[in-house]
Amino acid sequence: MLAVALVLLFTLLISVRGLARIYTDYLLFDSLDFGSVWSTTVGARISLGLLFTALFFLLAWGNLFIADRLAPAVRPAGPEEELLAGYHEVVGPRVGTMRIVLSLLFALIAGAGVSGRWREWLLFRHGGDFGITDPQFGWDVGWYVFKLPFLTFVVRWAFAALIIVFLLTAVAHYLNGGIRFQTAGQRVTPQVKAHLSVLLGLLALLKAADYWLQRFELTTSDSGVADGAFFTDVNARLPAIQLLLLISLFAAGLLLYNIRRRGWTLPVIAVGLWAFVAVVMGGVYPAVIQQFRVNPDERAKELPFIERNIAATQAAYGLAPETTDFAYDRGERLTADEVRSNRDVFTNIRVLDPLQVANTFDRLQGERDFYRFTEPLDTDRYVIDGEERHVLLAVRELNPSETGSWVRSHVQFTHGYGLALAPASEVSASGDPVFAAGELPLQVAEGLELEIDRPQVYFGEELGGYAIVGAVDDEVDYTNERDESVRYRYEGDGGVEVGSLLRRAAFALRFGEIEPLISGQMTSESRVIYVRDIEERVETVAPFLSWDGDPYAVVHDGGIVYVLDGYTTTDLYPYSQQAPVGDLPPGSGLRHGFNYVRHSVKAVVDSYHGTVTIYAMPVEDPLLDAWRKAFPDLFQDYDQMPAGLRDHMRYPEDLFRVQTDLWGRYRLNDPGEWFDRALEWSVAQDPGTGQGSRLQETTAADGTITAEVQRIAPVQQLLRLPGRDELSYAIMRSYVPFSANDQKKELTAFISGEVTPDGTLALSQYRVDPGVVGGPALVEEQIRSVDDISRFQTEVGQRGSTVIFGEMLLVPVDDLIMYVRPVFVRAENTGDVSGGGGVTQLRKVIVALGDRVVFEDSLQEAIEELVGDDLGDVFGERTEGISPDEPDVDPTAPDEPDDGSEEPSGDGLEDLLLELGALKEERDAALAEGDLESFGRIQAEMDAILEQVLRLVPDPSVTTTTAATEA
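Presented here is a report on the structure given in the accompanying data block.

About the criteria used
- Residues numbered from 1 in each chain as written.
- Predicted model: local features only at pLDDT ≥ 70, side-chain atom pairs only at ≥ 80, totals over all residues.
- Heavy atoms only, no water.
- Helix = DSSP H or I, 4+ residues; strand = E, 2+ residues; numbered from the N terminus.
- Buried < 20%, exposed > 50% of the residue type's maximum accessible area, 1.4 Å probe, protein only.
- Areas by Shrake-Rupley, 256 points an atom, 1.4 Å probe, with all protein chains shown as cover.
- Salt bridge = Lys/Arg side-chain N within 4 Å of Asp/Glu carboxyl O.
- 1 Å grid on protein atoms, 1.4 Å probe; cavity = no way out; pocket = protein on both sides within 12 Å on 5 of 7 lines; lining within 4 Å.
- Points joined across faces, edges and corners; volume = space filled by probe spheres on them.
- Nonpolar A, V, L, I, M, F, W, Y, C, P; charged D, E, K, R; others polar.

## Notes on the overall build of the chain
Within the chain, the regular secondary structure consists of 26 helices and 35 strands. Burial status across the chain gives 53% buried among its 967 residues. Just so you have it, the chain exposes about 42,600 Å², and 54% of that area is on carbon and sulfur atoms.

## Describing the environment of Gln636
Of note, Gln636 is situated in strand 22 (residues 635-637). For the pair Gln636 and Met617, spaced 19 residues apart in sequence, the C-alpha to C-alpha distance is 9.1 Å.

## A look at the pattern of salt bridges
Evaluated as defined, the whole model comprises 37 salt bridges. Arg720 is the partner of Asp344 in a salt bridge, and the nearest nitrogen-oxygen pair spans 2.5 Å. Remark: Arg720 occurs in the loop between strand 26 (715-719) and strand 27 (728-737) and Asp344 occurs in helix 12 (residues 343-346); sequence separation between them is 376 residues. By relative accessible area, Asp344 is classed as partly exposed at 25%. When the shortest N-O distance is used, the salt bridge between Lys602 and Asp565 registers 2.3 Å. With Lys602 in strand 20 (residues 596-606) and Asp565 in strand 19 (residues 559-570), the pair connects residues that are 37 residues apart, well separated along the chain. The same class applies to Lys602 as to Asp565, namely buried. Overlapping salt bridges, with partners in common, bring together Asp583, Glu653, Arg657, Asp661 and Arg733 in one network.

## A closer look at empty space enclosed by the protein
Applying the stated criterion across every chain, the model contains five cavities of 30 Å³ or more. Of the voids in this model, the largest cavity is the one considered here, and its volume is about 100 Å³. Taken together, 13 residues line the largest cavity, and the ones lying closest to its centre are Ile712, Met732, Ser734, Met808 and Leu810. Breaking the lining of the largest cavity down by element, the ones donating at least two residues are strand 26, strand 27 and strand 31 (809-813). By residue number, the principal contributor to the lining of the largest cavity is strand 27, which donates three residues. Residues of the lining of the largest cavity, tallied by class, amount to ten nonpolar, two polar and one charged. Estimated volume of the second largest cavity: approximately 60 Å³. For the second largest cavity, the full set of lining residues is Phe373, Thr374, Pro376, Leu377, Asp378, Leu393, Ala394, Val395, Glu397, Glu461, Ala553 and Tyr562. For the lining of the second largest cavity, the leading source of residues is strand 4 (residues 387-395), giving three residues. The residue inventory of the lining of the second largest cavity, partitioned by class, reads eight nonpolar, one polar and three charged.

In structure tokens:
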């Protein structure tokens, strides 16, 4: 009895928690003004579940009722009747109740999973035409994408449901005596035979409908040389399906005709013929056709179908780049005048690799253990000193694992604070970024056009849990240099009010914690902020979209917002090739099967208020049109996006990966060239972060794991594309000729993607004459042959540090193609003042042009070596970074006259060096005691003092400078 009570209690608790989650989900949608989205989604789920549950109930109950009405008045005597006597004695008086209970039980099971088909149902209702017909059947693509999935589900659900009802009905007839296996007389009464024959006939008709729909599924078959209905599908599988359709209709007719005949001979013949044809025509015949007709002359047989596949794939993935022949200068000579005329390009070459300097950002700007920067760092462009500059940007988000108790975790430490921003082309003398924004409280360097009134970050990447704002205690905004907590009280309208007891109880159940219900911190003004991870937030609001794996932060309207690229996808586009998803990062929402994709939306999540705004991109996409009809309140037009935000849009990276992986082969419009693969391109091999290309493991659909050379990753750059006058913020990737063994490494082309001012995506392809320019892996081989580079690696390794090669950047300059690769050193010696434990700093820059490889301390020095001339101030003065240790200036005090007579103070320098020495002793002591927290704090103080020392040293060779002048 106790066990039963515990089970009931557990079941009740689970049910109540489920209701609490539904209720709090509604509160979340309502707080975002998306209540209609929630009601539409939930309404579709409930409607489908109830409808199909009711259909099954009526079907089962009706047939069980008929079985009872057809029961013989006198059940034949025999051993079976003796076994069933107990059943009739118990159930006989309650047969009506049992009929209802049994039908309802199976109906609930059959209808339980149908609610998950709400996406197919909404697309079925709201989908239209694509305006493109498939080449095999001549039906509009909209039929395949919008109608076929739901109709196929309904037919197959009905077939499965009818099989269950048939079995229930047969059992009912047996229990009622209409069927007897151990009797000398008639084993099945005529009425029962008629009833079961009708059910079997209906099953045959449903199977015929299924065969009719299966014909269209051939258009996405993967049995040929590419996806789609190829020769064997059209000439073997399609006739087999059509024959099976006719046989199923014939079987249905025989089953219905059998009602008037004695015995089951005709139905058995029909089912036997059906099974034989299914095996022979469905399996053996296509294999024979493939082996003896297609394989001996595969090229000729498949060419017409390859042409279909090429056209469909190009349309489904938007593969129509503008193609330009890049007129490469074989003289390979870069002049000082070319550098000066392209000054804006050279001053924006990204020598700070966002993949490598994340830990440097964390060391210099992380500030406290309860903050963190997500990796990789974001890249963007902002105006500094009147010029558009390429920058690295990282938001200082909350690290929930470091906050402690419930009050600290959910009431006091509720948010991150500010960001760190540094030009991507600038470093200090120590090889660290020169920050133009950062510190606590947030500081912004003069000249950076950036204004943040709300630096608090309540919503971010990979941010779980929940926060209570408006509680009794104020929140910790940040801690200053004296480790004093600066308090803050949330002033936004994000989250959900939790003043009522019902809501507090609901959230206590949702979070599985009693504190939201009983804590004295809760007031009538308290709000709970939950679903704080921005990707989870947009997936909750729009689960029918796929989301890019790399959101990026943008400073806009005085605060920080996150931009997420959203996609519409389907795997039902006729003849289109399945997407290659093995190259996508693990967190990508596109890591699933699809053969059609559009960059349909950009979602903007405010990090302070948590608002979600989804902008529909100006793209022709019938899928997006259908979702907009289903959820009219969810989307806004792209032209409603503020202009300041549109300036920071970028080409979606995951889409670019898929498109470029496909384009190497699907650029070939001639099906013969596509089949031969002689002119195919491959994405260039990744040279890796050490020396030599990296291997990447890929898992096939059958579980087979293979290793292949990893492909170079797309890179966002601010550069001048060939033939352009202005700079473009573009994503780029390069190609080499296809080879089965990956031995071909010469550059054949590079491709770029950018967002145009009107919001459309633009792909541009630049072809290079084969054999003229080396690809990234070939340039890496050149780098390996340079003695100075090998010697540098050896010397650094002997000091216990590691040399890391950054991303190799392809930089077109007029009619030249130049490669730039930064070189970092990761210091492992925690006693190194300039490095710190595991810190990555820029030490060298490699520039490759033609046969020349230059290895210098800075980009400017490398370019000067190439041109053979002193470039002077071409790269300009570095951006004056923030100076956190300078005393605050009273804005009301009068300015002091500046006659330029002040000289660096030797006494001040001496004092700083003495202070640095004292801090070193404290740091070493902390390390010896294992006090890592104190060690990190002291190290940060030493780094700040070191920056002051460098500013006071009169020798210009060790002062901070731009990456362009001293990388």
